[in-house]
Amino acid sequence: MSKDPLDELFGSSPEEPKPVSARERLAYEQAERVRTAQLIASPRAGANDGPAKGRPTDDRSGDDRAASAKPWIVVGIVAVLALIASILIVTTARTGTQDPEPGSAPTTQEQTTTTSPTTSEPGETQEPETEEPDENRVPSVEVGPTTELRIEAWGATSQLSTKFGMTSYTIPDNVNLVLSSPLIDQLPPSCAAMRDQWGATRLENGTFTVRKPAERCEAAPELYDELWGLTAAFVESIAPM
C-alpha cells in the first residue's frame, strides 16, 4: 500500500477524537469540581495552622501594631513622670511649712521698740531735757593759753585766758567778783556800762556762776560773745586751793 505524499511531507493526520458518553463527561466534571474545592480550601487551612516550615512569613501586620502602640506607651510614661513630680513638689512644700502642733497658741511677730533706760530714782519724775535758748547759750570760743589767778578771799584758784591781758579783780561784797582787763575796756562807748559787769558770783551753796551784762551789746556783738565765752571758762575753772 502506497503512502500518500502529503502524509510523508507533513506526517500522518491525527486521529479524530472518539465520542465521549454523557455519563463519563458528568463524572469528569464532578472530579474537577472536587479538585477545585480542595485547592480553594487548602490555603485557609494553612492560614489557620500557621506558616509552613521553611516558608518566609510576612511581619508587616506585627510592625504596624507595634508602631501604633508606641505613641500610647510614650503618653503613659509622661503621665507617670508628671504624677511623680507633683507628689515630690507637694511633699517638699509640706516639709517646708510645718503646721503648729494641736493646742499650741499661734505665734505672732510683735514689733519691739527700744527705749533708753532711765536713771531716775523711784518717786522722782524725770523732766524732758530742753535746749537753752540762744540768748542763754554760752558761745563757743577759743580760750587759748591761760594763767593762774588766785582768789584769796574765797580761798580758791582759777585759770584765766591770756586774751584778757593784764587782769585785776575786786570783790566789793564778798559775793560778786568783778574783772578789769584791756579786753573788757574794748567795749564801745555805747556799751561802756557793761565794762564792770563781767566776772563771777558766789552762790550760797558754794558754787559759782557767770557774772555778765543782762543785755547784749548790739554795737559789738562779736566782742560780747568772746567776753562771755572766756568768762564762762574762767568761772568753770574756779576750785578750792
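This text follows the structure it describes.
Residues numbered from 1 in each chain as written. Predicted model: local features only at pLDDT ≥ 70, side-chain atom pairs only at ≥ 80, totals over all residues. Heavy atoms only, no water.

1. Looking at the overall build of the chain
Phase 1: Tallying secondary structure elements over the chain gives four helices and seven strands in all.
Phase 2: Element order for the chain, N to C, with α for helix and β for strand: α-α-α-β-β-β-β-β-β-α-β.
Phase 3: Across the 241 residues that make up the chain, the buried fraction comes to 17%.
Phase 4: Pairs at least 24 residues apart make up 44% of the contacts formed inside the chain by residues separated by at least 6 positions. (Helix = DSSP H or I, 4+ residues; strand = E, 2+ residues; numbered from the N terminus. Buried < 20%, exposed > 50% of the residue type's maximum accessible area, 1.4 Å probe, protein only. Contact = heavy atoms within 4.5 Å.)

2. As for the pattern of salt bridges
Phase 1: If you walk through the whole model with that rule in mind, you get three salt bridges.
Phase 2: Between glutamate 152 and arginine 150 there is a salt bridge whose closest N-O contact spans 3.2 Å.
Phase 3: Between aspartate 225 and arginine 216 there is a salt bridge whose closest N-O contact spans 2.8 Å.
Phase 4: By sharing partners, the salt bridges in this structure join Glu148, Arg150 and Glu152 into a single network. (Salt bridge = Lys/Arg side-chain N within 4 Å of Asp/Glu carboxyl O.)

3. Here we look at the state of the cysteines
One covalent bond between the sulfur atoms of two cysteine residues makes up a disulfide.
Phase 1: Under the counting rule described, the total for this entry stands at one disulfide.
Phase 2: Disulfide partner of cysteine 191: cysteine 217, at an S-S distance of 2.0 Å. On the S-S bond that ties cysteine 191 to cysteine 217, the torsion sits near 95 degrees, and the link is right-handed. Here the residue cysteine 191 occupies a position in the loop between β4 (176-180) and β5 (199-202), and cysteine 217 occupies one in the loop between β6 (208-211) and α4 (221-236), the gap between them amounting to 26 residues. Across the pair, cysteine 217 and cysteine 191 agree in class, each one buried. (Disulfide = S-S within 2.5 Å.)

4. Overview of the nonpolar core
Phase 1: By size, the foremost hydrophobic cluster in this structure holds 26 residues, and its most contacted members are Leu177, Leu187, Trp198, Leu227 and Phe234.
Phase 2: Elements that contribute at least two residues to this core include exactly β1 (146-151), β2 (156-161), β4 and α4.
Phase 3: Among the elements that line this core, the one with the most residues is α4, at seven residues.
Phase 4: Excluding anything up to four places from it in sequence, phenylalanine 234 contacts Leu149, Ile151, Ser158, Gln159, Leu160, Leu177, Leu179 and Ala200. (Core = buried A, V, L, I, M, F, W, Y, C linked by side-chain atoms within 4.5 Å.)

5. Focus on the packing of aromatic side chains
Phase 1: Here the structure, examined in full by the defined rule, presents three aromatic pairs.
Phase 2: Taking 5.2 Å as the distance between ring centres and 35 degrees as the angle between the ring planes, the aromatic pair formed by tryptophan 154 and phenylalanine 208 counts as tilted. Highlighted residues: tryptophan 154 in the loop between β1 and β2 and phenylalanine 208 in strand β6, separated in sequence by 54 residues.
Phase 3: Exposure remark for phenylalanine 208: the relative accessible area of 23% places this residue in the partly exposed category. (Phe/Tyr/Trp six-rings, centres within 6.5 Å; stacked < 30°, edge-to-face > 60°.)

6. Considering a nonpolar patch on the surface
Phase 1: A surface patch of nonpolar side chains, about 580 Å² in accessible area, is lined by Ile73, Ile77, Val80, Leu81, Ile84 and Leu88.
Phase 2: When you line up the elements, valine 80 lands in helix α3 (residues 60-96). (Patch = residues over 30% accessible without salt bridge, like charges linked within 9 Å, V, L, I, M, F, W, Y side chains within 5 Å. Areas by Shrake-Rupley, 256 points an atom, 1.4 Å probe, with all protein chains shown as cover.)

7. Quick notes on the pairing of β4
On a regular strand, each side chain points to the face opposite its neighbour's, so the side chains alternate between the two faces of the sheet.
Phase 1: Of all five residues in β4, four are buried; the element is thus mostly enclosed.
Phase 2: Note that strand β3 (residues 168-170) and β4 share three bridges and pair antiparallel. When the sheet's bridge partners are listed, tyrosine 169 is paired in β4 with leucine 179.
Phase 3: The hairpin turn running from β3 into β4, its antiparallel successor, is five residues long, and asparagine 174 in that turn takes a positive phi close to 65 degrees.
Phase 4: Of the pairings in the sheet, the one linking β4 to β5 comprises three bridges and is antiparallel in character. (Pairing = 2+ DSSP bridges.)

8. Side note on the sheet that holds β1
Phase 1: Strand order in the open sheet made by the three strands is β1-β2-β7, with antiparallel pairing throughout. Strands at the two margins of the open sheet, each flanked by one partner only, are β1 and β7 (239-240).
Phase 2: Note that β1 and β2 share six bridges and pair antiparallel. Counterpart to glutamate 148 in the pairing with β2 is glutamine 159.

9. A look at the sheet that holds β6
Phase 1: In spatial order, the strands read β3-β4-β5-β6; together these four strands make up an open sheet with antiparallel pairing. Strand pairing shows two members of the sheet lacking a second neighbour, β3 and β6, which therefore form its edges. Strand-to-strand twist across the sheet, computed as the mean angle between neighbouring axes with direction ignored, equals 25 degrees.
Phase 2: Against the sheet, α4 engages β4, β5 and β6, with an angle of about 160 degrees to β6. (Axes fitted to C-alpha atoms, helices over the stretch in contact; angles between N-to-C directions.)

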